Structures are given as C-alpha cells and as structure tokens.
Amino acid sequence: MIAHSAKRLVIALVLGALSGCALFQPDVSRNAWPEDIPPRSDFEALYAADERNQAVQSQEEYLVWITRFYQGWKLYPQGWNDLVPDILAEVDDPDERAELEAELYDAGRFIASEWSKDAETRKVRTRQLSIWGNAMREAVTRGETREMIEQIARDVDRLKAQRLTYSDITPGRYYAEDEDDVFR
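Being a predicted model, the structure only gives us computed values, none of them experimental. (Residues numbered from 1 in each chain as written. Predicted model: local features only at pLDDT ≥ 70, side-chain atom pairs only at ≥ 80, totals over all residues. Heavy atoms only, no water.)

Undergrad: Describe the packing of helix α2 (residues 40-48) against helix α4 (residues 59-71), naming the residues involved and giving the relevant values.
TA: Look at α2 against α4: their axes get within 11 Å of each other, and the N-to-C directions meet at 130°. Taken together, the axes of α2 and α4 are oblique relative to one another. Along this stretch, α2 crosses α4, giving a crossing that reads as right-handed. Taking contact as the criterion, the partners of R40, F43, E44, L46 and Y47 in α2 are, on α4, Q59, Y62, L63, I66 and Y70. Residues of the contact of α2 with α4, tallied by class, amount to seven nonpolar, one polar and two charged. (Axes fitted to C-alpha atoms, helices over the stretch in contact; angles between N-to-C directions. Helix = DSSP H or I, 4+ residues; strand = E, 2+ residues; numbered from the N terminus. Parallel < 35°, antiparallel > 145°, perpendicular 65-115°, else oblique. Left-handed = near helix turned anticlockwise from the far one by under 90°. Contact = heavy atoms within 4.5 Å. Nonpolar A, V, L, I, M, F, W, Y, C, P; charged D, E, K, R; others polar.)

This is the structure we're talking about:
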C-alpha cells in the first residue's frame, strides 16, 4: 500500500513538473518577438518549407524552440545570444570581429532553424550544440577563435548541402576528445 502511494506521489510530481514547464513558454506572437533574434518571418518561411516537420510539430512549438536557442531557458540559461558576444570579446580587431559576427549570425540562423525542429526531422542535435560550444570555448583559450568559427561555418554549410550529417559532428572533429565529456 505504501509503495503504491509513493508511486502515485512520484507520478503526480513528475506530471506537475512537466506541466509547469509548459507554463514557462516564451511568447512567440508577432508583437512579442524578441528584437535580438533574426526576424520571425525568416523562421516562418523555413517552417513552411519543411512539410515533414509540419506533420509532427506546430509552428508555435517550433518558434518557441527558436527563441530558446537564442535566449536560453530555465533548463539551459545560456543561449546563442550569450555565447556569441563571449567569443567575439576575444577578437581585438573591429573589422575582423564584424566579419566573424556575420559568420556566426548566418551559422546560428541555420543551427537554430534545424535544432528547433522535432527530433525526428532535425539535422542538428543538442549534442552538436554542446560540441560546437565546447570547441568555441577551447578555441578562445588557444587563441584560435577565427579558425574555429570558420571551421564550424564550413561544417554548417556542409550540413545545409547534405554533405555532412549530425553524426559526423563529434568532439574529435575539432579537438582531441575530452574523456570527461558527458555527451560522448
């Protein structure tokens, strides 16, 4: 009897936590679209062009994940808009910084558009986000920021052209693998 009650309590807590997550959805309406994210219309067009994803994910859910990619959320508070300035802060030359920012903007737009799709249709997984973030942080430490941004941008272009798949994006592609990486 106690085990049965404990099981029901655990189920109630899990369901409560999951429903609580639904309450913290960002507002993705046209009037509330964040200014520090590429235009909503860009992502609406990308969503409309992907019939396979439309069959399994609503446009609103897709746009929620777009905002989470850029701004982060409770489960992972650092988004693309936090990572990019941290990386570019290490680039002293203003012209080089502007050029690299444009590359990161383009790469981020594609990464967001793919990662935000339903798991069965996306070309970018959370593991790849982690790999790219770790590679960028390592590149900053090594003074190889430009080289890493360019390598990631090339890989993003290869993903777009379907000459590379998410499974090709491994930690060892950028630096020797870290034995402590929990996403290996």
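Undergrad: Hey, could you go over the pattern of salt bridges for me, with residue numbers and the actual values?
TA: For the coordinates displayed, the defined rule picks out 11 salt bridges. Among the salt bridges present, the one from D42 reaches R109, with a minimum N-O distance of 3.4 Å. Taken together, the residues D42 in helix α2 and R109 in helix α6 (residues 94-115) connect sequence positions 67 residues apart. Two residues, K117 and D50, come together in a salt bridge whose shortest N-O distance is 2.6 Å. (Salt bridge = Lys/Arg side-chain N within 4 Å of Asp/Glu carboxyl O.)

Undergrad: Got a sec to walk through the packing of aromatic side chains? Specific residues and values, please.
TA: Summed over the entire model, instances satisfying the criterion amount to eight aromatic pairs. Their ring planes at 25° and their centres at 5.4 Å tell us that F69 and W80 sit as a pair that is stacked. Pair noted here: F69 is in helix α4 and W80 is in helix α5 (residues 80-88), with a separation of 11 residues, a long-range link. Judged by relative accessible area, W80 falls into the buried class, the value being 13%. The structure contains a cluster of three or more aromatic residues connected by ring pairs, namely F43, W65, F69, Y70, W73, W80 and W115. (Phe/Tyr/Trp six-rings, centres within 6.5 Å; stacked < 30°, edge-to-face > 60°. Buried < 20%, exposed > 50% of the residue type's maximum accessible area, 1.4 Å probe, protein only.)

Undergrad: Can you tell me about α5, naming the residues and giving the values?
TA: Three or more residues of α5 are buried, namely W80, L83, V84, I87 and L88. Each buried residue of α5 lies within a common arc of 120° when the element is viewed along its axis, so the set occupies one face. Its buried side turned inward, α5 meets α4, α6, α7 (126-142) and α8 (145-160). (Arc of directions from axis to C-beta.)

Undergrad: Provide a residue-level description of the confidence of the model for the protein chain, including the pertinent values.
TA: Looking at the protein chain as a whole, the pLDDT averages 85, with 80% of positions reaching at least 70. Looking at the elements of the protein chain, mean pLDDT is at its lowest for helix α1 (residues 2-23), recorded as 48, and at its highest for α2, recorded as 97. Low pLDDT, under 50, characterises residues 12-23; the predicted model gives this stretch one contact beyond four residues in sequence or across chains. (pLDDT = per-residue confidence, 0-100.)

Undergrad: How would you summarise unusual backbone geometry if you had to cite specific residues and measurements?
TA: For Q162, which is not glycine, the phi dihedral falls at a positive 60°. Secondary-structure assignment places Q162 in the segment after α8.

Undergrad: Got a sec to walk through the packing of α4 against α6? Specific residues and values, please.
TA: In the contact formed by α4 and α6, the axes pass within 8 Å of each other and the chain directions differ by 135°. By the angle between their axes, α4 is oblique relative to α6. Read as a crossing pair, α4 and α6 show a hand that is right-handed. On α6, the residues touching Y62, W65, I66, F69 and Y70 of α4 are G108, R109, I111, A112, S113 and W115. Taken together, the residues of the contact of α4 with α6 break down into eight nonpolar, two polar and one charged.

Undergrad: Requested: an account of the nonpolar core, with residues and values cited.
TA: Counting residues in hydrophobic clusters, the biggest one holds 37 residues, and the most contacted among them are F43, W132 and Y174. Elements supplying a minimum of two residues to this core: α2, α4, α5, α6, α7 and α8. For this core, the element with the most residues is α6, which contributes seven residues. Residues contacting Y174, with those up to four places away along its chain left out, are I131, W132, A135, M148, Q151, I152, D155 and I169. (Core = buried A, V, L, I, M, F, W, Y, C linked by side-chain atoms within 4.5 Å.)

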